[in-house]
Amino acid sequence: MLKTNSFQVVYFGLFAACGVMASGSISFFYLYAKGCFSDLAPIPIALIILAANLIGVKALYVLALGKKFLLNPKTYLNETTMYNQGGLFGIVIATAAIAFVKHINPLIMFDAMVLGGSFGLFLGRLGCYNYGCCFGIPTSSSIHVTYHPSCSKIIRTNPELKGVPLVPTQLYSAYFDLFLFITSIAIALIHPGNGLISLAFIFLFNTFRIIIQKFRFVEKSDLAGFSKIAILYSMSGLVVWALLFLADGGKIVSRPFQVPFTLKSWAQFVVGTEVMLSLLIAGTISFLFYGIQGKELGTHMNLRSRL
């Protein structure tokens, strides 16, 4: 978007900001429609969940580096490499903590985060497509994508792939996340049972992650076993869901919507409350975190020039 002598602004920041604002508005509205939003302060809640996500995407990279991180922590922390699965784990922890403190049914809280988060992931994967990360393996199929700009991450990290037809894994992931969102909406409207949206997400999202990983190019910076993490998330997610289900009486409990679960009600809720301010704040922070890079693409700040 912008290049100066000291920093650069990348389009991914816009996708990230839009994703955070959209997912936050949808999650908050679901809680509002279920009658679980009255005791929540939008700004602190939005900041807590966003912070958990930002810490998670960096923390998983640090864990994947292992002992290597200790050799040069400042350099690795300054890299813009981030792992989405770590961010999802951070959101799960934050969501569980909020549900416990505010005495909200955890299954409803997780359903809200999944509903909004799936749409946020859709926009985020479009950002990956634009940025040139999370790309696929070379293919001879007529359905492919090629990258040429030197500023694309794929060209910066793997210049040998310039102009090479690749599996458009980012778009496949984006379309699947949109499918998850539509499925979640359908579940909410057809059978709004507590936890059903979360249960569908645990199965579908992690299964797709295992499948799509076979078509993703293993980047030089990729250190985590994404498929293994997806399997671990599936197993642990099912255990946690089962425990929450038993704690909820061992049966599917349906909490009815207190307001119409419609697009019009969503718009009125977002515009007419403090929610809009919380979304703008979270979106701005997300844009700064994901969109602003140093003089050298792939770094947060110009640490080298300061040393």
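Residues numbered from 1 in each chain as written. Predicted model: local features only at pLDDT ≥ 70, side-chain atom pairs only at ≥ 80, totals over all residues. Heavy atoms only, no water.

(A) Structural context of the overall build of the protein chain. Along its length, the protein chain carries 13 helices and 3 strands. Taken over the C-alpha trace, the protein chain has a radius of gyration of 20 Å; the compact-globule value for 307 residues is 19 Å, and the two agree within 12%. Considering only C-alpha atoms, the protein chain reaches an extent of 55 × 40 × 40 Å along its principal axes. Within the span of the protein chain, comprising 307 residues, buried residues form 49% of the whole. Partitioning the intrachain contacts of the protein chain with sequence separation of at least 6 by distance along the chain shows that 76% fall at a separation of at least 24. Within the protein chain, the 10 negative side-chain charges are centred at a point lying 6 Å from the centre of the 22 positive side-chain charges. (Helix = DSSP H or I, 4+ residues; strand = E, 2+ residues; numbered from the N terminus. Rg over C-alpha atoms; globule rule 2.2 N^0.38 Å. Buried < 20%, exposed > 50% of the residue type's maximum accessible area, 1.4 Å probe, protein only. Contact = heavy atoms within 4.5 Å. Lys, Arg positive; Asp, Glu negative; His and termini not counted. Charge placed at Lys NZ, Arg CZ, Asp CG, Glu CD.)

(B) Fine view of the nonpolar core. By size, the foremost hydrophobic cluster in this structure holds 53 residues, and its most contacted members are Tyr 30 and Leu 31. Among the elements of the structure, α1 (12-33), α2 (42-65), α5 (84-101), α6 (106-131), α8 (169-190), α9 (196-213), α11 (263-271) and α12 (275-291) are those that each provide at least two residues to this core. When sequence neighbours within four positions are dropped, the list of residues in contact with Leu 31 reads Cys 36, Phe 37, Leu 40, Ile 108, Met 109 and Ala 112. Within the second largest apolar cluster, 9 residues are counted, among which are Leu 60, Tyr 61, Tyr 83 and Tyr 233. (Core = buried A, V, L, I, M, F, W, Y, C linked by side-chain atoms within 4.5 Å.)

(C) Inspection of the packing of α1 against α6 at higher detail. The geometry of α1 relative to α6 is characterised by a closest axis approach of 8 Å and an angle of 165° between their N-to-C directions. Classed by the angle they form, the pair α1 and α6 counts as roughly antiparallel. Both α1 and α6 take part in a crossing whose hand is right-handed. Classifying every residue of the contact of α1 with α6 gives 17 nonpolar, 9 polar and 1 charged. (Axes fitted to C-alpha atoms, helices over the stretch in contact; angles between N-to-C directions. Parallel < 35°, antiparallel > 145°, perpendicular 65-115°, else oblique. Left-handed = near helix turned anticlockwise from the far one by under 90°. Nonpolar A, V, L, I, M, F, W, Y, C, P; charged D, E, K, R; others polar.)

(D) Structural view of the packing of aromatic side chains. What the rule picks out here adds up to 23 aromatic pairs. Between Phe 89 and Tyr 233, the ring centres sit 6.4 Å apart and the planes meet at 20°, which makes this aromatic pair stacked. Of the two residues, Phe 89 is situated in helix α5 and Tyr 233 in helix α10 (residues 226-247); the sequence distance between them amounts to 144 residues. Judged by its relative accessible area of 46%, Phe 89 falls in the partly exposed class. Relative to Phe 208, the ring of Phe 176 has its centre 4.1 Å away and its plane inclined at 5°; by these criteria the two rings are stacked. Taken as a pair, Phe 176 in helix α8 and Phe 208 in helix α9 lie far apart in primary sequence, 32 residues in all. (Phe/Tyr/Trp six-rings, centres within 6.5 Å; stacked < 30°, edge-to-face > 60°.)

(E) Inspection of the sheet that holds strand β2 (residues 7-9) at higher detail. Taken in spatial order, the 3 strands line up as β1-β2-β3 in an open sheet, and their pairing is antiparallel. With partners counted over all chains shown, the strands left at the sheet margins are β1 (2-3) and β3 (292-294), one partner each. The strands that α12 touches are β2 and β3; relative to β3, the one it contacts most, it runs at about 25°. (Pairing = 2+ DSSP bridges.)

(F) Expanded view of α12. Between the first and last C-alpha of α12 there are 23 Å, a value that for 17 residues agrees with the 24 Å anticipated at 1.5 Å per step. Residues of α12 that are buried: Val 275, Ser 278, Leu 279, Ala 282, Gly 283, Ser 286, Tyr 290 and Gly 291. Taken down its axis, α12 places every buried residue within 155° of arc, on the same side. Next to the buried residues of α12 lie β2, α1, α2, α11 and β3. (Expected span 1.5 Å × (residues − 1). Arc of directions from axis to C-beta.)

(G) The environment of Phe 289, seen in detail. If you trace the backbone, Phe 289 turns up in helix α12. The spatial distance from the C-alpha of Phe 289 to the C-alpha of Ala 247 is 38 Å, given a sequence separation of 42 residues. If sequence neighbours within four positions are ignored, Phe 289 has contacts with Leu 54, Val 57, Lys 58, Met 82 and His 300.

(H) Representation of a nonpolar patch on the surface. On the surface, Met 1, Leu 2, Phe 7, Tyr 11 and Leu 14 cluster together to form a nonpolar patch covering roughly 460 Å² of accessible area. You can see Leu 2 is positioned in strand β1. Leu 2 sits in the partly exposed class, given a relative accessible area of 45%. (Patch = residues over 30% accessible without salt bridge, like charges linked within 9 Å, V, L, I, M, F, W, Y side chains within 5 Å. Areas by Shrake-Rupley, 256 points an atom, 1.4 Å probe, with all protein chains shown as cover. Salt bridge = Lys/Arg side-chain N within 4 Å of Asp/Glu carboxyl O.)

(I) Geometry of the environment of Ala 267. Here Ala 267 lies in helix α11. The class of Ala 267 is partly exposed, set by a relative accessible area of 32%. For the pair formed by Ala 267 and Phe 29, sequence separation is 238 residues and the distance between their alpha carbons is 9.2 Å.

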